[in-house]
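Architecture at a glance
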Amino acid sequence: MTKLLRIILIFLIFKIDWRKLFLVSSILTIGGVFILISSLPYPLTEWISEPHPAISSYLPLSTAVHLGKSHSLAAGVHLETIRDTPIVVSKGEKKTPRRKRGSSRVKSINMVSPPAPEHIVKKLPNHIQRYLSSLTPDKALAFAKRDIENASVASDDDPELYAPLFRNISTFKRSYEWMEWMLKVYIYGEGRKPIFHTPHPSGIYASEGWFLMLMEANRQFVTKDPEKAHLFYLPYSARQLQMEVYVPNSHNLKPLAVFLRDYVNMLAAKYPFWNRTHGSDHFLVACHDWGPYILKEHEELQRNTIKALCNADVSEKIFVAGKDISLPETTIRQPRRPHRNVGGNRASQRPILAFFAGHRHGRVRPTLLKYWSDKDDDMRIYGPLPNRASRVMSYPQHMKSSKYCICPMGFEVNSPRIVEAIYYECVPVIIADNFVPPLSEVLNWDAFSVTVAEKDIPKLKEILLAIPLRRYLIMQTNVKRVQKHFLWNLQPVPYDLFHMILHSIWLSRLNQIQVAQSS
């Protein structure tokens, strides 16, 4: 045995290439380490980094909810936290629902935005999610509506929301949470470009383009399964429709209305979803002034759909307050920099009482200019901004240096100056009878704006001077606070304009659910 061991040792020493043996052993060792790492239940960084913070709050659903004889659940909901995956809108990147690479909605921005702030979303526990997934979309909405109606009073220490800006902060917060938990939107893929699926993200009608762009790129709310959808989106642009179909100077909107009528009829023939509700769970977003008028050729489209319109004029009997959404009209000059020039002077550095500059059209502006143009140094009321004024200050500088920014209607009741005033931290003065202010189903406009009846234009200065200084300072501070809710972001963040519009559409859908369905 000793002799055999000696022979083996001599063989190993003189016959084996130790360098090759060392190389093979190293490769096998490194490979084994990688195999072990790949088998871990979490990425390696999760094992060596600090644990994620947890929210320890407990928010009970206020009451047992009975959904017919066979559905009931007395639920207390423990809230957990999850990390929201940011959506990067970048050239050529595929989103849900998938479309061709390099689509024009991505090219219209053609940039990668900086990382979005981390957002912690409260999450329903698995047993509640399983229960909701067993319900039809309408019964799930009934469940959510009952809980929202019984929302407990919200605390005033939320750093993201300021209660005086809202009509009911408790209801808003609970409704917004349910939107994040469960809302699913199905986007119809039909429709030829550029009228469909092609956002126009600049100009005074940019709101419809931004919403279309961000909605189609969204991963959280969009579903590919229409049977799971609570809402159905008609993804057209009224601005693109006008540019493609309208015959210049014809003053004939019927071809545009016929185009939309035929589109909806095609969807109704191809899918069961429109006929199931006669369009009441479908929505559209249109900022062009003609948005309401091009719906007239299809009765259900005009009457039943949830319409997010900039032209929110209740006197026309097309926009229905409480069902339809007043869409903020935002002027975006540089889509790559949607926050350009946002901000303004502090209240003590606003020497101008009131400012307006714009064209003389519509029923209100001629009256405004008649009484106040070049009549008073405190009232800087102009037609197009004259050279003598623009040499001193630009249009944005005038708004940033004014206490009140006059926002009269133009041809229609809406005006981009309302959101411009908020961007420049100037208290908006709205002059447009029959106009429903944007997002007014949740926002308390009295907290940060002034409304003047058209008949009171001759008393405009008197009305503004009668506002106490303390009241003005509160309103101007509130304008700065509400500003975040009117901003577009390349990557949407909580409570920004994309989420506020979507929430108002979600709220309108909830309001369709009768109390009897959840009792």
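Residues numbered from 1 in each chain as written. Predicted model: local features only at pLDDT ≥ 70, side-chain atom pairs only at ≥ 80, totals over all residues. Heavy atoms only, no water.

- Per an unreviewed UniProt entry, the recorded name for the chain is Glycosyltransferase, and the organism is Sesamum angolense.
- Under the Subcellular location (unreviewed entry) heading, UniProt states for the chain: "Golgi apparatus membrane". (UniProt positions renumbered as here; feature names shortened; annotations may be inferred.)

**Quick notes on the confidence of the model for the chain**
- Across the chain, the average pLDDT comes to 84, with 76% of residues at or above 70.
- Considering only residues more than four positions removed or in separate chains, one finds that residues 38-114, a stretch of pLDDT under 50, has 163 contacts. (pLDDT = per-residue confidence, 0-100. Contact = heavy atoms within 4.5 Å.)

**Considerations on helix α18 (residues 469-482)**
- The end-to-end C-alpha distance of α18, which contains 14 residues, comes to 20 Å, matching closely the 20 Å that a straight helix rising 1.5 Å per residue would cover.
- For α18, the set of buried residues is Tyr472, Met475, Gln476, Asn478, Val479 and Val482. Down the axis of α18, the buried set is contained in an arc of 160°. They therefore lie on one face. Every exposed residue of α18 that faces more than 90 degrees away from the buried side is listed here: Leu469 and Arg470.
- Contact partners of the buried residues in α18: β14 (402-408), α16 (417-423), β15 (427-431) and β16 (450-451). (Helix = DSSP H or I, 4+ residues; strand = E, 2+ residues; numbered from the N terminus. Expected span 1.5 Å × (residues − 1). Buried < 20%, exposed > 50% of the residue type's maximum accessible area, 1.4 Å probe, protein only. Arc of directions from axis to C-beta.)

**What to know about the packing of aromatic side chains**
- Within this structure, the stated rule accounts for 27 aromatic pairs.
- Relative to Tyr271, the ring of Tyr188 has its centre 5.6 Å away and its plane inclined at 45°; by these criteria the two rings are tilted. Linking Tyr188 in the loop between β7 (185-187) and α8 (206-216) with Tyr271 in the loop between α10 (254-270) and α11 (273-277), this pair joins segments that are 83 residues apart in sequence. Both residues of the pair, Tyr188 and Tyr271, count as buried.
- An aromatic cluster of three or more residues is present, and its members are Tyr186, Tyr188, Phe232, Tyr271 and Phe273.
- Positioned over the ring face of Tyr162 is Arg481, at 3.8 Å from the centre of the ring. (Phe/Tyr/Trp six-rings, centres within 6.5 Å; stacked < 30°, edge-to-face > 60°. Lys NZ or Arg CZ within 6 Å of the ring centre and 35° of its normal.)

**Quick notes on the nonpolar core**
- In this structure, Phe211 and Tyr404 are the most contacted members of the largest nonpolar core, which totals 141 residues.
- Considering each element in turn, this core owes the most residues, nine residues, to helix α19 (residues 497-512).
- Setting aside its immediate chain neighbours within four residues, Tyr404 contacts Leu353, Ala354, Phe355, Cys426, Val427, Val429, Val450, Leu464, Ile467, Tyr472 and Met475. (Core = buried A, V, L, I, M, F, W, Y, C linked by side-chain atoms within 4.5 Å.)

**Notes on the packing of helix α6 (residues 137-149) against α19**
- Viewed as axis vectors pointing N to C, α6 and α19 meet at an angle of 100°, and their least axial separation amounts to 9 Å. Classed by the angle they form, the pair α6 and α19 counts as roughly perpendicular. Within the contact between the two elements, α6 uses Asp138, Leu141, Lys145 and Ile148 and α19 uses Trp506, Arg509, Leu510 and Asn511. (Axes fitted to C-alpha atoms, helices over the stretch in contact; angles between N-to-C directions. Parallel < 35°, antiparallel > 145°, perpendicular 65-115°, else oblique.)

**A word on the pattern of salt bridges**
- Taken as a whole and judged by the stated rule, the model has 18 salt bridges.
- A salt bridge links Glu177 to Arg174, with the shortest nitrogen-to-oxygen separation between them at 2.9 Å. Of this pair, Glu177 and Arg174 both sit in helix α7 (residues 169-182), separated by three residues, roughly a single helical turn. Note on accessibility: Glu177 and Arg174 belong to one class, buried.
- Note that Lys307 is salt-bridged to Asp324, the shortest N-O span being 3.0 Å. (Salt bridge = Lys/Arg side-chain N within 4 Å of Asp/Glu carboxyl O.)

**Some points on the state of the cysteines**
- The tally for this structure, following the rule as stated, stands at two disulfides.
- The disulfide partner of Cys287 is Cys310, and the S-S distance across this bridge is 2.1 Å. The sign of the S-S torsion, about -90°, decides the handedness of the disulfide formed by Cys287 and Cys310: left-handed. Residue Cys287 is found in the loop between β9 (282-286) and α12 (299-303), and its partner Cys310 is found in the loop between β10 (306-309) and β11 (325-326); the two are separated by 23 residues along the sequence.
- By relative accessible area, which is 0% here, Cys287 ends up buried.
- Sulfur-sulfur distance for the disulfide between Cys405 and Cys426 comes to 2.2 Å. Judged by the sign of its S-S torsion, about 115°, the cystine formed by Cys405 and Cys426 is right-handed. A residue pair is termed long-range when its members are at least 10 positions apart, and Cys405 in strand β14 and Cys426 in the loop between α16 and β15 qualify at 21 residues. (Disulfide = S-S within 2.5 Å.)

**A closer look at the environment of Ser440**
- Within the secondary structure, Ser440 sits in the loop between β15 and β16.
- Residues Ser440 and Leu327, 113 residues apart in the sequence, show an inter-C-alpha distance of 9.8 Å.

**Focus on the pairing of strand β12 (residues 352-357)**
- Within β12, six of the six residues are buried, which leaves the element mostly enclosed by the surrounding structure.
- Pairing of β12 with β14 involves three bridges; the strand directions are parallel. Opposite Ile352, over in β14, you have Ser402 as the bridge partner.
- Here β12 pairs with strand β13 (residues 379-382) via four bridges, running parallel. Counted as the bridge partner of Ala354 is Met379 from β13.
- Of the crossover connections in this fold, the one passing from β12 over helix α13 (residues 365-372) to the parallel β13 is right-handed. (Pairing = 2+ DSSP bridges. Right-handed = clockwise from strand over helix to strand, strands pointing away.)

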